[in-house]
Each structure stands twice: as structure tokens, then as C-alpha cells.
Amino acid sequence: SDAAKKYEDYANHNPWMRTIGQLFFRTPVRVFEEGIRMFPLLNWFAPHFFNDLRGVNGMPAQVKAMRESMVGFALTHWVMAQYAAGNITGGGPLDYKQRRDKEASGWESYRLKTAYGDFNFRNMDPFSTPIKIIVNMMDRLADVRDRKSTRLNSSHIPLSRMPSSA
């Protein structure tokens, strides 16, 4: 992005910036951009992705964009299947009390269970970015579903209180 480029130029012209920890500014930005390029629909907002996909930036860029698109779709479907099977966890509930209770019971965020054991995928960039987006989206959908079912159940009128038609 232009803002990142301006910041990088500023850091390059001011060596004192490197002494306060700004050694590798572009690396995390590029890792994040690669993760976004692999997420379906969100990749359309990635810089240059649409032009790469159309072939404007050359054949190698087009092939790369097609590959990232296909990997993104496959990854999305695989993660959703793992989430449905209960093999992958997201960031957990937004309510800190619910999250604390889950963690007290042994639950861990961003875990993937496999036949070889389970592991934390939080830092597996660039794949972790789209995976975290998907599982957190699924967590929010589950929250909405749970709130909706709670609301419907709480507004349920028992049959014994229903007016009789006789």
C-alpha cells in the first residue's frame, strides 16, 4: 500500500527508526497481504489481485493469482468441514466471562486436532490469516444461532398456558 511504502521510505531515511525495533516492517505486511490473497472474496481487495487474475500484470502473476484463488477456496471448504466436525477452534466467545469458563475447562483458542495430535495454528502464516478469519466467522455465526435459539426458547409459551379452542 502507499501508506506502508511512505513509512518504509521514512524508516530508510531515518536510521534511528531501526534502533527502536523497526527492522522488518514490510515482512509482516507482506505476510498479511499473502494471507488476504488466499481468502475468497477478501482477495478482491488485495492490492493488484484483480489485475493479476485478469492477466494485466503478466502470465506468471495470473497463474499465481489463480493458484491463490483455488488454494483459498479449498482451504475455506476444508476449514469449514473441520469446524463442523469440531476439529478446529477459533478465538472463542467475545464475552470474556464465557471465554474464561471455556479456558478453565481446558479449551484453547486456535487449535487444530489431527490424527497426529493437536497443535496451535495461530502463527502458521500466511495460512493462519484466512484460517483465523474463517473460524472466527463460524464462531460468530454460532453465537448468533445460539442467541436466536435462546430467544426463541425463552419466548416459548408452554402448551398448558395456551388458550383452549373449546
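Below: a short report on this structure. These numbers come from a predicted model, not from an experiment.

1. Focus on helix α5 (residues 59-84)
Over its 26 residues, α5 runs 38 Å from end to end, which matches the ideal 38 Å to within 8%, given 1.5 Å per residue. Taken together, the buried positions of α5 are occupied by Ala61, Gln62, Ala65, Glu68, Ser69, Gly72, Leu75, Thr76, Val79, Gln82 and Tyr83. Downstream of α5 by a residue or two, Gly86 has a phi angle that is positive, lying close to 80 degrees.

2. Here we look at the packing of aromatic side chains
Here the structure, examined in full by the defined rule, presents one aromatic pair. With a centroid separation of 5.8 Å and an interplanar angle of 85 degrees, the aromatic rings of Tyr110 and Phe121 are classed as edge-to-face. With a gap of eleven residues between them, Tyr110 in the loop between α6 (96-104) and β1 (111-114) and Phe121 in the loop between β2 (117-120) and α7 (128-154) connect regions that are remote in the sequence. If you follow Lys132 out to its NZ or CZ, it ends over the ring of Tyr110, 5.9 Å from the centre.

Rules used throughout
Residues numbered from 1 in each chain as written. Predicted model: local features only at pLDDT ≥ 70, side-chain atom pairs only at ≥ 80, totals over all residues. Heavy atoms only, no water. Helix = DSSP H or I, 4+ residues; strand = E, 2+ residues; numbered from the N terminus. Expected span 1.5 Å × (residues − 1). Buried < 20%, exposed > 50% of the residue type's maximum accessible area, 1.4 Å probe, protein only. Phe/Tyr/Trp six-rings, centres within 6.5 Å; stacked < 30°, edge-to-face > 60°. Lys NZ or Arg CZ within 6 Å of the ring centre and 35° of its normal.

Geometric descriptors of this kind do not, in isolation, establish any biological role.
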